[in-house]
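So the chains spell out like this:
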Amino acid sequence: MKVKVKNNIYWVGKVDWELEMFHGNEYSTHKGSTYNSYLIKEDKVALIDTVWKPFDKEFVANLEKEIDLDKIDFIIANHAEIDHSGALPALMEKIPNTPIYCTANAVKSLKGHYHKDWNFQVVKTGDKISLGSKELIFIEAPMLHWPDSMFVYLTGDNVLFSNDAFGQHYASEFLFNDLVDQAELYAEAIKYYANILTPFSPLVKRKIEEFVSLNLPLDIIATSHGVIWRDNPIQIVEKYLEWAENYQENQITLVYDTMWEGTRRMAEAIGKGIRMADPSVNVKLYNAAKTDKNDIMTEVFKSKAILVGSPTINKGFLSVIAAFFEEARGLGFKNKKAAAFGAYGWSGESIKQIGDELKRAGFNVVNDGLKALWNPDEQAITECENFGKEFVNQIK
Ligand code: FEO
């Protein structure tokens, strides 16, 4: 299937409705995804990115229906990750000498993945190739989100091919931002930012400022995942600038695991206390053992503060909470307050340990946490409510 994006630009990618997990098991894709590849048929022909390996033969077969592969003058590899470069081996078998334009780091990655000495043409920011009356301008984008990442801009049509940036894991046959459910689109866009781009927020801001300083008109942002931003594409750029600035909403999220409901009851009472002190706060509770971890990280990303709870087991906390910290530490959230809580029976080490882990993950811990012995009685529940109320004051 091909879809016209604008003038002589065609989408020739793959909509993957079945995808449930991405990056191995690291990213849940409840709405599937797309691997967007673009064919530009000007006097010269350029192909921008390919698709994930399982679809390589389908991709090449479809491409052959659109164009004699020998007529492709340039292949642009904006990013070497397998979801975009995975069909290169199958394609290069057919057209082994076609030049692949990419960054120096992408050459290393592509050679590392495929062990082929293809006709690599290394480009840097500002380098151009002519397609006839239009040009492709390369813009390196290291660590957005890999060292090899790159954008390419097509003059005349004013299209920025941004690869992963501004993308969403969101399968849709509509393929354009104005044709899809906006709430779904933004839910996937913020999840993508929270789980993939959070660690690189300072670079996001700088790269956007750099692009703006080039004064290039922008009609379309053609990403490599999800829908193409053709209706007011600047909206997602503005969102990225917002998200890159230690984003938070008026939300407090409680993340916990529980053995015999004591820690869950504490979470509910603390949440109630927070709402009593400040009814405007959006309080959300997630049992980490029952909730998708990427969805939890998205909620943490949106929060101004979090509380993490676990009962004590074997002088520590439950393993699901350990996994939460592993993920959160990697994402490196900034400017978020936090506290620990949990039920215990005889020792109660988990609370201090959770506080320490919160600090290690970069959260600003505002108190020593709250313990409740065995299953909280009425008095302990009241203490949880009071703890929630105090927490609201402590994070002001
Ligand atoms: Fe969509 Fe970084 O690959």
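Residues numbered from 1 in each chain as written. Predicted model: local features only at pLDDT ≥ 70, side-chain atom pairs only at ≥ 80, totals over all residues. Heavy atoms only, no water.

Examining the domain arrangement of the chain
Each assigned domain of the chain is listed with its residue range as follows: domain 1 (3-243) and domain 2 (252-394). Across the boundary between the two partners, domain 1 contributes 13 residues, which contact 12 residues of domain 2. A buried area of about 1,000 Å², summed over both sides, lies between domain 1 and domain 2, and 54% of it is on carbon and sulfur atoms. Taken together, the connections running from domain 1 to domain 2 amount to 2 salt bridges. Between Lys-191 and Asp-295 there is a salt bridge whose closest N-O contact spans 3.2 Å. Counting across the interface, domain 1 meets domain 2 through 8 residue pairs in polar contact (both at pLDDT 80 or more). If you list the elements that add at least two residues to the side of domain 1 that touches domain 2, you get strand E5 (27-28) and helix H5 (182-197). (Domains from an automatic or database assignment. Contact = heavy atoms within 4.5 Å. Buried area = accessible area lost by both parts, 1.4 Å probe. Salt bridge = Lys/Arg side-chain N within 4 Å of Asp/Glu carboxyl O. Polar contact = N/O pair within 3.5 Å; in protein donor to acceptor, adjacent residues only side chain to side chain. Helix = DSSP H or I, 4+ residues; strand = E, 2+ residues; numbered from the N terminus.)

Quick word on helix H7 (residues 234-244)
Inspection of H7 places Gln-235, Ile-236, Val-237, Tyr-240, Trp-243 and Ala-244 among the buried residues, and these make up the whole buried set. On its buried side, H7 packs onto H5, helix H6 (201-213), strand E16 (220-223) and helix H9 (293-302). (Buried < 20%, exposed > 50% of the residue type's maximum accessible area, 1.4 Å probe, protein only.)

Observations concerning the nonpolar core
Counting 91 residues, the largest nonpolar core has Tyr-240, Trp-243 and Phe-324 as the members making the most contacts within it. When residues of this core are assigned to their parent elements, the largest contribution, 9 residues, is made by H5. Two domains share this core, each providing at least three of its residues, namely domain 1 (3-243) and domain 2 (252-394). Excluding residues that lie within four positions of it along the chain, Tyr-240 makes contacts with Ala-165, Phe-166, Gly-167, Tyr-192, Tyr-193, Leu-197, Val-204 and Ile-208. Residues Ile-9, Val-15, Met-150 and Ile-228 belong to the second largest nonpolar core, which totals 28 residues. (Core = buried A, V, L, I, M, F, W, Y, C linked by side-chain atoms within 4.5 Å.)

Description of the environment of Leu-136
Turning to its location among the elements, Leu-136 is positioned in strand E13 (residues 135-140). Residue classification places Leu-136 among the buried positions, given a relative accessible area of 0%. Ignoring anything within four residues of it in the chain, the contact list for Leu-136 reads Ile-40, Ala-46, Ile-76, Asp-127, Lys-128, Ile-129, Leu-131, Val-152, Tyr-153 and Leu-154.

Overview of the sheet that holds strand E14 (residues 150-154)
Taken in spatial order, the 5 strands of this open sheet run E12-E13-E14-E15-E16, and their pairing is mixed. Whereas interior strands pair on both sides, the edge strands pair on one side only; in this sheet they are strand E12 (128-130) and E16. Strand after strand, the sheet turns through a mean of 20° between neighbouring axes, direction not considered. Examined bridge by bridge, E12 and E13 share 3 bridges and lie antiparallel to one another. Bridge pairing in E13 links Ile-129 to Leu-136. Strands in contact with H6 are E13, E14 and strand E15 (159-163); relative to E13, the strand with the most contacts, it is inclined by about 150°. (Pairing = 2+ DSSP bridges. Axes fitted to C-alpha atoms, helices over the stretch in contact; angles between N-to-C directions.)

Observations concerning the sheet that holds strand E2 (residues 9-11)
Taken in spatial order, the 7 strands make up an open sheet running E1-E2-E7-E8-E9-E10-E11, and their pairing is mixed. In this open sheet, the two strands that pair with only one neighbour each are strand E1 (3-6) and strand E11 (120-122). Strand-to-strand twist in this sheet, taken as the mean axis angle between neighbours without regard to direction, amounts to 25°. Where E2 meets strand E7 (residues 38-41), 3 bridges bridge the pair, whose relative direction is antiparallel.

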